[in-house]
Amino acid sequence: LIFVLIYIIKTVSNRKRMSEIFFMDETTGQHNWLWFITNAERELKKKHNADRKYAVLDVVFVNYRNFCVCHSVEEGGKMLCRINDRIQSFLGKHEITAHHSASHFAVLLEYTDRDELEDRIHKMIDDLEHINDEHKFYYWIGVDRIPESKDEKGKIVRREDVDVEREFNNAGAARATLTVEDSAIAFFDDKMVEEQRWIDLINENQMRALAEEEFVVYYQPKYDPRTEELKGAEALIRWMSPEHGMISPGRFIPIFEKNGFITRIDHYMLAHVAKDQRRWLDAGFKCVPVSVNVSRAHFIEADLADQIKGIVDDAGTPHELIEIELTESAFFDDKNALISTIKKLRDYGFAVSMDDFGSGYSSLNSLKEMPLDVLKLDAEFFRNDDADGRGQIVVSEAIKLAKNLKMRTVAEGVEEKNQVDFLAEQGCDMIQGFYFAKPMPKDEYETRMNNKIA
């Protein structure tokens, strides 16, 4: 009997030891992610917890990598241990935490309402920010809420379908939306689910849409404000989807910029505009230069100017009928590569313009260094109230500056006659905006090419 008892005790002890090893996080020496999943799901499935609301948190120590670089990985590990302990000190009876990976911690909190939950998380952040007096730490926290469990009739029932890994992933998706350089909280919601589904839909259909030419070019004319003569146009993209109708660029261009597909779209647009210009020339139209936007993603390519030249030459279009438009954000990248590309484009006979002048903070420095042909004044100059006339002063001086640099000017987003009159008086070369014309399909644009405003 004694031997049996000894055997049982050893077995239990070994199992406990194995469990401790299996569920221990190597970095913090505390609980790991597997332990968190197991125990969080167990807690959520308990019958007496069915009427409680819970939230799963993805807590990220944002400064972790920089801290390790400045100190050491070992010191970073010690800081993670302190953070783990500090989070643990905030938890109540039905709440748990564990180190997930790198600088991520998983937390299960009980709450009564969103305001109370948010207030509590802010208090946690405030404490964590002061965990080290010598450094300013900040934290991003994503939150996914798990409401009380009810059946179709509204009766409280035990949670059966619990997937903590999914809840933590949702919290992570919310946290990933944070970009501020400070501590912040983001809550996962149904809108975020719909946004992710939309992104997936775009990713799944972009290649097919390109192959089937669902992307179409719209043209927005640019007029001389003094003579109302057509002087140019900008090529703008629209997606004509058989399933979803016309999709505006704001719903897919940001996705293309993130997934890299934007470079394919740039080539597509340039080729279609060049072909349209060639066809109009052959039909005897009086063609004017059309500007085509080229994404900043392209400017890591040393042969970009030659790519553009090749596409336009394939269509047989004169280079002076194509203007390459860069957004101001491109000027924050490799400056030398950008200047080299601009010079090549101009040597090939293409005009180069800078879009959204005035939307950033380095515009004047960009003008000093970049050999540009056209300056586009940002639409925000003309959308806000200008009761004190400061906006007009800025616009007037920008036009003078451009003239002194031998650059043409385009004012975009112009919608009112008094704006047109002011810009004409200041010597602005072209106006683009709803006052003269909205973006239009190419057949409608054709009707305007040899005429004044219809």
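If you're wondering where the values come from, they're calculated on a predicted model, not measured in any experiment. (Residues numbered from 1 in each chain as written. Predicted model: local features only at pLDDT ≥ 70, side-chain atom pairs only at ≥ 80, totals over all residues. Heavy atoms only, no water.)

In this section: the overall build of the chain. Looking only at helices and strands, the chain features 15 helices and 15 strands. Computed over the C-alpha atoms, the radius of gyration of the chain is 30 Å, more than 25% above the 22 Å expected from 2.2 N^0.38 for a compact globule of 454 residues. Over its C-alpha atoms, taken along the principal directions, the chain stretches across nearly 110 × 50 × 45 Å. Counting across all 454 residues of the chain, residues that qualify as buried make up 48%. Entry remark: accessible area of the chain is about 24100 Å², with carbon and sulfur atoms responsible for 50%. Here the chain contributes 60 positive and 82 negative side-chain charges, whose respective centroids are spaced 3 Å apart. (Helix = DSSP H or I, 4+ residues; strand = E, 2+ residues; numbered from the N terminus. Rg over C-alpha atoms; globule rule 2.2 N^0.38 Å. Buried < 20%, exposed > 50% of the residue type's maximum accessible area, 1.4 Å probe, protein only. Areas by Shrake-Rupley, 256 points an atom, 1.4 Å probe, with all protein chains shown as cover. Lys, Arg positive; Asp, Glu negative; His and termini not counted. Charge placed at Lys NZ, Arg CZ, Asp CG, Glu CD.)

Glancing now at the packing of aromatic side chains. Applying the stated rule across the entire model yields 20 aromatic pairs. Pairing Y223 with F436 gives two aromatic rings, centres 5.2 Å apart and planes at 40 degrees, and the pair type is tilted. Here Y223, found in strand 6 (residues 215-223), pairs with F436, found in the loop between strand 14 (430-432) and strand 15 (440-441); they are 213 residues apart in sequence, far enough to count as distant. Judged by relative accessible area, which is 0%, Y223 ranks as buried. Positioned above the aromatic ring of F187, the side-chain terminus of R114 is 3.9 Å from the ring centre. The ring of Y218 has R238 lying over it, and the distance from NZ or CZ to the ring centre is 5.3 Å. (Phe/Tyr/Trp six-rings, centres within 6.5 Å; stacked < 30°, edge-to-face > 60°. Lys NZ or Arg CZ within 6 Å of the ring centre and 35° of its normal.)

On to the sheet that holds strand 4 (residues 139-146), then. If you walk across this open sheet you meet the five strands as 2-3-1-4-5, and the pairing is mixed. A strand with exactly one partner marks an edge of an open sheet, and here the two such strands are strand 2 (96-101) and strand 5 (184-187). Strand-to-strand, the axes of this sheet are offset by a mean angle of 25 degrees, without reference to chain direction. Looking at chain direction, strand 1 (residues 53-61) and strand 4 are connected through eight bridges and run antiparallel. Following the sheet pairing, V59 is matched in strand 4 by I141. Sitting on the sheet, helix 2 (residues 33-45) touches strand 1, strand 2, strand 3 (104-111) and strand 4, and the angle it makes with strand 2 is about 145 degrees. (Pairing = 2+ DSSP bridges. Axes fitted to C-alpha atoms, helices over the stretch in contact; angles between N-to-C directions. Contact = heavy atoms within 4.5 Å.)

Running from N to C, helix 13 (residues 390-404) and helix 14 (residues 417-426) point in directions that differ by 35 degrees, and their axes come no closer than 10 Å. Crossing handedness for the pair helix 13 and helix 14: right-handed. Across from Q392, V395, S396, I399 and K403 in helix 13, the residues of helix 14 making contact are F422, L423 and Q426. Residue classes in the contact of helix 13 with helix 14 are distributed as four nonpolar, three polar and one charged. (Left-handed = near helix turned anticlockwise from the far one by under 90°. Nonpolar A, V, L, I, M, F, W, Y, C, P; charged D, E, K, R; others polar.)

All right, on to the layout of surface pockets then. For the largest pocket, the calculated volume is near 920 Å³. Along its surface, the largest pocket is lined by 35 residues, and E234, L236, N293, E325 and D355 are the ones closest to its centre. Mapped by element, the contributors of at least two residues to the lining of the largest pocket are strand 7 (230-241), helix 8 (253-259), helix 9 (262-282), strand 9 (290-293), strand 10 (322-327) and strand 11 (351-357). With five residues, the single largest contributor to the lining of the largest pocket is strand 7. The calculated volume of the second largest pocket comes to roughly 490 Å³. (1 Å grid on protein atoms, 1.4 Å probe; cavity = no way out; pocket = protein on both sides within 12 Å on 5 of 7 lines; lining within 4 Å. Points joined across faces, edges and corners; volume = space filled by probe spheres on them.)

Taken together, the side chains of K47, K153, K155 and R158 present a region of like positive charge at the surface. Relative to the helices and strands, K155 resides in the loop between strand 4 and helix 6 (164-175). Judged by relative accessible area, K155 falls into the exposed class, the value being 55%. (Patch = residues over 30% accessible without salt bridge, like charges linked within 9 Å, V, L, I, M, F, W, Y side chains within 5 Å. Salt bridge = Lys/Arg side-chain N within 4 Å of Asp/Glu carboxyl O.)

With 12 residues, helix 10 (residues 304-315) should cover 16 Å at 1.5 Å per step; its first-to-last C-alpha distance of 17 Å lies within 8% of that length. Taken residue by residue, helix 10 has L304, A305, Q307, I308, I311, V312 and A315 as its buried positions. Buried residues along helix 10 cover an arc of 165 degrees about the axis, so they all sit on one side. Elements that come into contact with the buried residues of helix 10 comprise helix 9, strand 10 and helix 11 (335-347). Taken from the residues just after helix 10, G316 is the one with a positive phi, measuring 75 degrees. (Expected span 1.5 Å × (residues − 1). Arc of directions from axis to C-beta.)

At a minimum axis separation of 9 Å, helix 2 and helix 6 run at an interaxial angle of 110 degrees. Taken as axis vectors, helix 2 and helix 6 run roughly perpendicular relative to one another. On the side of helix 2, the interface is formed by W33, F36, I37, A40, E41 and L44, while helix 6 contributes V164, E165 and F168. A breakdown of the residues in the contact of helix 2 with helix 6 according to their chemical character gives seven nonpolar, no polar and two charged. (Parallel < 35°, antiparallel > 145°, perpendicular 65-115°, else oblique.)

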